[in-house]
Amino acid sequence: MSSLLFAASVFVLLTVALGLFAILRRSADVDRLMAVQLLGTGGVAILLLLAVASEMPPVVDVAVMLALFAAFAAVAFVRNASGVSREARGE
Amino acid sequence: MSLVMDIWTICAVSAGALFFLAGTVGLLRFPDTLTRLHALTKVDNLGLGLITLGLLPQTSSLLLAVKLVIVWLLVQLSGAVVTQLVAGAIRQHGADG
Amino acid sequence: MSIASVFDIALVALILAIGASTILVRTAFAAVVMFAVYGLLLSIAWVRLHAVDVALTEAAIGGGMTGLLLLGAVARSRSDDVDRVRVGYPVRLAAGGLCALVVAGLAIVVLHPPAAVPTLAPVVMENLPPSGLGNPVAGVLFVFRALDTLLEKVVVLLALLGVWSLAPDRAWGGTPGLQVYAKPDPPLIFLAQLLPPVGIVFGIYMCWVGAKDPGGAFQGGTVLAAMWLLVIVAGLQKAPAISRLWLRGLLIAGPMLFLAIGLAGWVFADAFLAYPEGYAKPLIVAVEATLTLSIAVALAMLAAGPPERAQQQ
Amino acid sequence: MNAATLFGLCGAALVGIGLYGLITNPEPLRKILAFNLLGSGVFLLFGMIARRAAAAGLGGDPVPQAMVITAIVVAFAATAMAIALVQRLADETGRASISSDSSDAVDGEGKS
Amino acid sequence: MPATTVLDATTADGALLVLAIVLPVVGILLSFVLGGRYAERIAGVLLPAGFIVACIIFLKVWQGGEPLIYIVGGWQPPLGITLRADGLSVAMMVAMAIVICLIGVFAHANFGSRAASVETRAPLVFWVMLMAISGAMNMIFLGGDLFTLYVALELLTFAAVPLVCLDGRVETLQAALRYLLFALLGSILYLVGTALLYGSYGTLDIVLMSQRVRLEPATLAAATLMTLGLFAKTALFPLHLWLPPAHAGAPAAASAVLSAVVVKGSFFLIVRLWFDALPGLLSVAASQLIGVLGASAIICGNIVALRQKRLKLLIAYSTVAQIGYLFLMFPLAFSADPSPHHYGDALTAGMLQTISHATAKAAMFMAAGLIYAALGHDRISELGGIARALPMTMFAFGLGGLCLIGLPPTGGFLAKWLLLEATIATAQWWWAIVIIAGGLLTSAYIYIVLSRTMGPPNAPLTLYAAVPKYQEVAALGLACLSVLLGLVALGPIDVLQVGRPEAPMAGLR
């Protein structure tokens, strides 16, 4: 079972890597952000698979950590895109 | 019993991994940003969801199982919010951000 | 070749590719995005190295908080995306040669481990039981090398004061220049209402579980810091003015308690930073709990930047 | 080659990549990024050493692991300070770049 | 591995070492919560207290002839951390404590805080950072563990960088950023070395390491990277580019502490590394290379200093040159025909140069700061007549200059004399040329400044601000110290040999 889960994690890793590179070639920031989101989800999945495959339950905590931080890139990005920062600097 | 569990795990994890592939391909092939966002959400809820469900029978304790579900819910939440935020940003400023 | 090593090789290749593109990619925004992804992959690498404590720290600080900080910075300087002044070709060549030399040297060292690999793991495990801790890394941080940990807290405080010192004089004592949204953003507010309760519970769990399993004050504190920042950014709460006494008090509470217990060790356990027999675990847990709070406040304020607005009276 | 060595080599390569970026990138923000890469490469070297020294039922030597945790926190503090400096500088000058003298070029030659 | 390791034990009075580190830390924490109004008062109590502690430690080590050791938490290395005060550490500790205290006196004029006023930025930052520097230096002198020393090094960096840009001008911000990047690169390179050394020997304790060390690729790579990193932090030529703008742009008190104290921290670590942690590992060729860097620093630093138009920049470039002298001790100590005698002499000379430069340079930066405050500028060509207006300040500057040149009976003279003696004894005449040429160049720019200031003013001299007497006294006090340092040859200089290994040249080479 363990090697099958490893195989699944390799598969997920390769998939998201593929997606990542293809998207990073595009120049739009939104696409880059989606790539981060994709890799974030992929990373969480990989960690969960690894936790079970290598029987290291604390690894799930790492996945929780990643999941908690998953939205922050988007939050920072939107703050940038909405232009609020520029106004705030002017005051 | 454990055989049934194992088969369930194999099926669900494989299906989840396939959704990752599908989502990624969607992200690559779909023409505009909003549809790509749509593909992305499939990865969040179905891809990760199926993997989580598949892993549940293999967990050693209840706490661990609960944590797995929490992880999934958290990713769902952040995925949903990120999609909203990005879509909103696109509506305001166009796809270049 | 086992499937695990296939995974490792794929992971390393991806890390190197993303690391290199962080350096080579044209725009600063793309580089920062790359770096956020990079931190995430690195924490998987730490899991593969059986260092879950480090993986947690990397996920929280290396990836999460640093990414947050850099994204914030790049967001502020977007208008400065001017054409990059590139250094000359000879310099790049020389730099490349130097770096190749360094890599080659390090690779030789990596590939030639000493005949008998020295390890302190058995000594740590042998001496861990009196402290009542189950997590050897926490044991090293809070028992054997407690002095480092204490000094590192002072380093963080100094860095914070260094960041604050960059404020203009008129803004001293005011609130950090962390931008909030001008108008309420419903999805963001939704996130800022839903995520922090989970995050706070998880932060406390991290701190509590750190005594016996991977986790601890750093990781817990970072999560709390991130949640606080989220609430501030969403506009649900104001950033505190840096002159607030409670803020200053929280900042030093952890190091102060650590130091006090360390000094008490002089009287009750015959050495500075020694714990009296039988009381080690509760004392360490108390130190960790206060440190979690102090770290949370310190990291959040570090990420929030120097004060920019004078305090409203 | 075991996993520890593999990640050790990865760390070594990252040190090189980070160093290259630190020397050749004129933008301060990119220099800070490069410094973080360099740092994480060093941390991976620690990780390799810890993993290689696995014993007593542990997956790795906890002493270097603890050191990495300390170093990560210190690196974060450094990054925060550097970014605050860059931003203040950008606010003061309107552009985020170290003065246009040839310091970076000389840095590179100095170390080679 | 031979099991001959004799475990150290906490010596009587070892607790003083903890006190030397804890006092500044308490000061930092208290200043944070009590606020800027009290920071100066806290520093005013704790810095002299730290000086007294340093003196007591010095006396104990000198009289006892044995290093003081404290084992933190009762955990023996390699698991735990020891603090160790040998001759080198106590000499440096006392010297740096006294320099820091006098800088504190000097700084009262600029960063003094009035009671019952609101907290202001600069005073709080300055006093906290000053205490942090004092604590970090003590930690560097006493730390017996290479990783603890890394943390101490970072403590020093984070305390020093904000001092550079305390006034928030663009130039100083740029200088601070460049300094920070150099310093971070330096400490990360040091950290690589730490990792590799731990991987080879399973310990970072300096004493244990010196017993276990072998000549092998990992050790050499580690030592090279650590040394390079520390070179960058010490601003050894050609990694000195960050230093002049950073030191010249800072407020006078900060310049003094940066130039006199902070660069010595990383230099001390280089000495610790090569003389204590990895004894006898430095090859003759490598030591010659370090010597060449030092010599280039002396020549280039002095020549560039000679061409400076502004006094503070001149003094900053002279720091670059004087740092060069410190590195001349390596080729002299690790010469082709090693004898313990020259080894000790070169080490003594290096330490003496460190201390006398610290006192002299602090005095000169203070004097330059006073001139700047009085005139509103520090352009050398327009300094005419200032010697008559501020005689005590210029006297302090002149005495410091004498020490840098190396005229008897100053500490600089004794240091350079010992270096010259070592060059003759080890038959390395080429370093003697550098030392003498450096002295001549130094005397040239000191002469230029002094003759300008003693000459008649170009225009009637207008003093913008009165210079407080105690500031002049602080500068003069340091200058006098640098002169009187030459007299340590009569006695206390022996302390430097306390705790040195019996046979430093253990046959590794």
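Residues numbered from 1 in each chain as written. Chains lettered and ligands numbered in written order. Predicted model: local features only at pLDDT ≥ 70, side-chain atom pairs only at ≥ 80, totals over all residues. Heavy atoms only, no water.

Novice: So what exactly am I meant to see when it comes to the interface of chain C and chain D here?
Specialist: For interface size, the figure often reported is the accessible area lost on association. Contacts between chain C and chain D engage 87 residues on the former and 73 residues on the latter. Note on chain C versus chain D: buried area summed over both sides is about 6,900 Å², and carbon and sulfur give 80% of it. The interface formed by chain C and chain D holds zero salt bridges in total. Counting residues per element, the side of chain C that touches chain D draws most heavily on helix H3 (residues 52–76) of chain C, which supplies 14 residues. By residue class, the composition of the side of chain C that touches chain D is 63 nonpolar, 12 polar and 12 charged. (Contact = heavy atoms within 4.5 Å. Buried area = accessible area lost by both parts, 1.4 Å probe. Salt bridge = Lys/Arg side-chain N within 4 Å of Asp/Glu carboxyl O. Helix = DSSP H or I, 4+ residues; strand = E, 2+ residues; numbered from the N terminus. Nonpolar A, V, L, I, M, F, W, Y, C, P; charged D, E, K, R; others polar.)

Novice: Looking at this structure, I do not really get the packing of helix H1 (residues 3–24) of chain C against helix H2 (residues 28–48) of chain C. What am I missing?
Specialist: Helix-helix packing: each pair is described by the crossing angle between the helix axes and the interaxial distance. Residues and elements named next belong to chain C. Put simply, H1 and H2 touch, their axes get as near as 9 Å, and they point 155° apart. Judged on the interaxial angle alone, H2 and H1 are roughly antiparallel. Viewed along their axes, H1 and H2 form a crossing whose handedness is left-handed. On H2, the residues touching Ala4, Phe7, Asp8, Leu11, Leu14, Ile15, Ile18, Gly19, Ser21 and Thr22 of H1 are Ala31, Met34, Phe35, Val37, Tyr38, Leu41, Leu42, Ile44, Ala45 and Arg48. Taken together, the residues of the contact of H1 with H2 sort by class into 15 nonpolar, three polar and two charged. (Axes fitted to C-alpha atoms, helices over the stretch in contact; angles between N-to-C directions. Parallel < 35°, antiparallel > 145°, perpendicular 65-115°, else oblique. Left-handed = near helix turned anticlockwise from the far one by under 90°.)

Novice: How do you make sense of the packing of aromatic side chains when you look at a structure like this?
Specialist: To describe a pair of aromatic rings, one takes the distance between the centres and the angle between the planes. All names here are of chain E. Evaluation of the coordinates by the stated rule reveals 24 aromatic pairs over all chains. Taking 5.2 Å as the distance between ring centres and 85° as the angle between the ring planes, the aromatic pair formed by Phe126 and Trp127 counts as edge-to-face. Grouping residues by exposure puts Phe126 and Trp127 together as buried. Seen in terms of ring centroids, Tyr179 and Trp242 are 4.3 Å apart; in terms of plane orientation they differ by 10°. Their pairing is stacked. Note that Tyr179 is positioned in helix H6 (residues 170–201) and Trp242 in the loop between helix H8 (217–234) and helix H9 (243–249), a separation of 63 residues in sequence. Grouping residues by exposure puts Tyr179 and Trp242 together as buried. Through a chain of ring-to-ring contacts, the aromatic side chains of Phe231, Phe267, Phe275, Phe327, Phe330 and Phe334 assemble into a single cluster. Residue placement shows Lys416 over the ring face of Tyr325; its charged tip is 4.4 Å from the ring centre. (Phe/Tyr/Trp six-rings, centres within 6.5 Å; stacked < 30°, edge-to-face > 60°. Buried < 20%, exposed > 50% of the residue type's maximum accessible area, 1.4 Å probe, protein only. Lys NZ or Arg CZ within 6 Å of the ring centre and 35° of its normal.)

Novice: Honestly, the pattern of salt bridges in this entry has me stumped. Any pointers?
Specialist: Pairing is possible between side chains that carry opposite charge, provided their charged atoms lie close to one another. Residue and element names in this part refer to chain E. One pass over the structure, following the stated rule, counts 17 salt bridges over all chains. Residue Arg84 is joined to Asp86 by a salt bridge in which the shortest nitrogen-to-oxygen separation is 3.9 Å. As far as the burial class goes, Arg84 and Asp86 line up, both buried. For Arg169, the salt bridge is made with Asp167, and the minimal N-O distance between the two is 2.9 Å. With a relative accessible area of 38%, Arg169 lands in the partly exposed category. Where salt bridges share partners, they join Arg84, Asp86, Arg272 and Asp276 into one cluster.

Everything listed is a geometric property; what it means functionally is a separate question.
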